[in-house]
Amino acid sequence: MKIGCPTEIKPQEFRVGMTPNAAQEAVAHGHDVIIQAGAGMGSGFTDEDYLAAGAAIIDTAEEIFATADMIVKVKEPQAGERKMLREGQLLFTYLHLAPDPDQTHDLLASGCTAIAYETVTDDRGGLPLLAPMSEVAGRLAPQVGAWTLQKANGGRGVLMGGVPGVAPAKVLVIGGGVVGTHAAKIAAGMGADVTVLDRSLPRLRYLDDVFGGTFKNQYSTAGATAELIQTADMVIGAVLIPGAAAPKLISREQLSTMKPGAALVDVAIDQGGCFETSKATTHADPIYEVDNVMHYCVANMPGAVARTSTIALGNATLPFMLALADKGWRQACEDDPHLLNGLNVHAGQLTYYAVGKALGLDVLSPTLALKA
Ligand SMILES: NC(=O)c1ccc[n+]([C@@H]2O[C@H](COP(=O)([O-])OP(=O)(O)OC[C@H]3O[C@@H](n4cnc5c(N)ncnc54)[C@H](O)[C@@H]3O)[C@@H](O)[C@H]2O)c1
């Protein structure tokens, strides 16, 4: 197969769909890999790195889209890229089609086959191609929260780990899933006094078994949240109700009960945010203040650490990408129902029920699409 990886063109996107190591593996499997010149630069990979891996460097995205059998990317194709997709071509990337009718219609019109990272599943009911970005955002949250807490940034001027004789910062993490667990681990590692709230008892049992001595956990209720935010220096919002907007767990009124200069880090902002006063911000201007409480609400946190994020995403996508290239999408999806769950579009038809429901479009069963 000829595998093409264009430069990401979405604003503020520095990741790249294939690392040199991934390119090398694909070449070792007998595939041709073409990378757009400069595609890896935002993540610290040079064209020479890709050449050394056995890939070819191509000047323009047009040439890549015109000749590749499979396009591997990070972000959903932008309008100009969608025009270049063609019938029979395979697209493997994040799509997030449900809120994006324009993109959905363009993909259907292109005739391509599109497999979305975010709907590929695993044996444990998880989303293996979303998890690495949640790990990154979770680990980043205490780091950006600690920066927000600094006096010059409007924060309370509290050091995460304290010092001998001075108490550490109190960090409350709401939601103990992938983001929350990684956030709690790092905050505890920085020396903070950490409590995690979750509504899932099995999850709390897991956290207690594995991290019992490292951080505390408590069942999440409105009352527990109201009590704990009064003493918190930092609150990290990390809840997810799959398929729904994030619940608002701290109201504007409650901000007055918090310590002046406390930091709210709303990682769930990409699902609308879990604090009433959250609004999405960018890396260029990440924080703002409401009622003396500092808010950090960057919707694409992994972009701040593009190199780590690219490598983490590449590790997760590699086995699927190789299966698609080695076997072709039909056989690969027939062999692996989790990869088949990633199939969103095939030959002008939608193949993912939740997207069809959200956009009011007909859906062809993915298993029928395999035979189409
Ligand atoms: N801002 C970013 O850049 C970025 C990056 C990655 C992920 N995210 C977002 O972070 C959020 C969390 O993702 P995740 O991968 O950790 O999800 P996850 O499903 O692994 O974890 C979510 C947890 O929230 C818990 N929960 C649900 N309602 C709750 C409530 N009322 N109180 C306490 N806990 C509650 C669930 O039981 C679950 O354990 C998602 O909205 C995701 O989209 C944002």
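Look up a bit, the structure's there.
Attention in this report is confined to the structure presented alongside it. (Residues numbered from 1 in each chain as written. Predicted model: local features only at pLDDT ≥ 70, side-chain atom pairs only at ≥ 80, totals over all residues. Heavy atoms only, no water.)

### Remarks on the packing of helix 6 (residues 131-148) against helix 11 (residues 306-335)
Helix-helix packing: each pair is described by the crossing angle between the helix axes and the interaxial distance.
(1) Moving on: It is at 8 Å that the axes of helix 6 and helix 11 come closest, and there the two elements cross at 150 degrees. Judged by the angle between their axes, helix 6 and helix 11 are roughly antiparallel. In this structure, helix 6 crosses over helix 11, and the sense of that crossing is right-handed. Residues Pro132, Met133 and Val136 of helix 6 lie in contact with helix 11, whose contacting residues are Ser309, Ala312, Leu313 and Ala316. (Axes fitted to C-alpha atoms, helices over the stretch in contact; angles between N-to-C directions. Helix = DSSP H or I, 4+ residues; strand = E, 2+ residues; numbered from the N terminus. Parallel < 35°, antiparallel > 145°, perpendicular 65-115°, else oblique. Left-handed = near helix turned anticlockwise from the far one by under 90°. Contact = heavy atoms within 4.5 Å.)

### Quick word on helix 1 (residues 20-28)
One full turn of an α-helix is made of 3.6 residues, so residues set three or four places apart face in the same direction.
(1) Moving on: Every buried residue belonging to helix 1 is among Pro20, Ala22, Ala23 and Ala26, and all of these are buried. Viewed end-on, helix 1 has its buried residues packed into an arc of 155 degrees, placing them on one side of the element. Residues of helix 1 that are exposed and angled more than 90 degrees away from the buried face: Asn21 and Ala28.
(2) Moving on: Packed against the buried residues of helix 1 are strand 1 (2-5), strand 2 (32-36), helix 2 (47-52) and helix 11.
(3) Moving on: Remark: Gly30 follows helix 1 within two positions and exhibits a positive phi of approximately 90 degrees. (Buried < 20%, exposed > 50% of the residue type's maximum accessible area, 1.4 Å probe, protein only. Arc of directions from axis to C-beta.)

### Topic: the sheet that holds strand 10 (residues 234-237)
(1) Moving on: An order of 9-8-7-10-11-13-12 is seen for the 7 strands of this open sheet, with the pairing classed as mixed. Two strands bound the open sheet, and with one partner strand each, they are strand 9 (216-219) and strand 12 (287-290). Between one strand axis and the next, the sheet turns through 20 degrees on average, direction left out of account.
(2) Moving on: Two elements, strand 11 (residues 263-266) and strand 13 (residues 293-296), share 3 bridges in a ladder whose sense is parallel. Counted as the bridge partner of Ala263 is Met294 from strand 13.
(3) Moving on: Its contacts with the sheet put helix 7 (residues 178-189) on strand 7 (170-174), strand 8 (193-198) and strand 10, and the angle it makes with strand 8 is roughly 170 degrees. (Pairing = 2+ DSSP bridges.)

### Brief notes about the state of the cysteines
(1) Moving on: Scanning all chains against the criterion turns up 0 disulfides.
(2) Moving on: Cysteine Cys274 shares no disulfide, and the gap to the nearest cysteine sulfur, in Cys297, comes to 9.0 Å.
(3) Moving on: We classify Cys274 as buried; its relative accessible area is 0%. (Disulfide = S-S within 2.5 Å.)

### Concerning the packing of aromatic side chains
(1) Moving on: This model, assessed by the stated rule, comprises 4 aromatic pairs.
(2) Moving on: A ring pair is formed by Phe45 and Tyr50, whose centres lie 6.5 Å apart and whose planes are at 75 degrees; its orientation type is edge-to-face. Both residues of the pair, Phe45 and Tyr50, count as buried.
(3) Moving on: Pairing Tyr94 with Tyr117 gives two aromatic rings, centres 4.9 Å apart and planes at 80 degrees, and the pair type is edge-to-face. Of this pair, Tyr94 sits in the loop between strand 5 (90-93) and helix 5 (101-110) while Tyr117 sits in the loop between strand 6 (113-116) and helix 6, placing them 23 residues apart in sequence. As far as burial versus exposure is concerned, Tyr94 and Tyr117 are alike and both buried.
(4) Moving on: Grouped by ring-pair contacts, the aromatic residues Phe92, Tyr94 and Tyr117 constitute a single cluster.
(5) Moving on: When the ring centre of Tyr288 is taken as reference, the NZ or CZ atom of Lys279 above it lies at 3.7 Å. (Phe/Tyr/Trp six-rings, centres within 6.5 Å; stacked < 30°, edge-to-face > 60°. Lys NZ or Arg CZ within 6 Å of the ring centre and 35° of its normal.)

### Details of the site of the ligand
(1) Moving on: Neighbouring residues of the ligand: 27 residues in total, closest Ser134, Val179, Asp198, Asp270 and Met301.
(2) Moving on: At a separation of 2.7 Å, an oxygen atom of the ligand approaches a polar side-chain atom of Ser134.
(3) Moving on: Contact distances for the ligand include 3.2 Å between a nitrogen atom and a backbone N or O atom of Val298.
(4) Moving on: For the ligand, whose free accessible area comes to 870 Å², the fraction covered by protein is 85%.
(5) Moving on: Residue assignment for the shell around the ligand shows that the elements contributing at least two residues are helix 6, helix 7 and strand 8.
(6) Moving on: Sort the elements by how many residues they give to the shell around the ligand and helix 6 lands first, with 3 residues.
(7) Moving on: For the shell around the ligand, the per-class residue count stands at 16 nonpolar, 8 polar and 3 charged. (Near = heavy atom within 4 Å. Polar contact = N/O pair within 3.5 Å; in protein donor to acceptor, adjacent residues only side chain to side chain. Areas by Shrake-Rupley, 256 points an atom, 1.4 Å probe, with all protein chains shown as cover. Nonpolar A, V, L, I, M, F, W, Y, C, P; charged D, E, K, R; others polar.)

### Structural notes on the nonpolar core
(1) Moving on: Met18, Met70, Phe92, Ile115, Met321 and Leu324 are the most contacted members of the largest nonpolar core, which totals 44 residues.
(2) Moving on: Per-element accounting of this core gives the leading share, 12 residues, to helix 11.
(3) Moving on: Excluding its chain neighbours within four sequence positions, the residues that come into contact with Met321 are Ile3, Met18, Ala22, Met70, Val72 and Phe92.
(4) Moving on: Counting residues in hydrophobic clusters, the runner-up holds 32 residues, among them Met160, Ala187, Val194 and Ile236. (Core = buried A, V, L, I, M, F, W, Y, C linked by side-chain atoms within 4.5 Å.)

### Side note on the side chain of Arg82
(1) Moving on: You can see Arg82 is positioned in helix 4 (residues 79-84).
(2) Moving on: Excluding anything up to four places from it in sequence, Arg82 contacts Pro77, Asp102, Gln103, Asp106 and Ser110.

### Focus on helix 11
(1) Moving on: When the terminal C-alpha atoms of helix 11 are compared, their 32 Å separation across 30 residues is substantially less than the 44 Å that a helix rising 1.5 Å per residue should span.
(2) Moving on: At Gly328, helix 11 is deflected by roughly 115 degrees, the largest bend along its length. (Expected span 1.5 Å × (residues − 1). Bend = angle between axes of the 7 residues up to and from the residue.)

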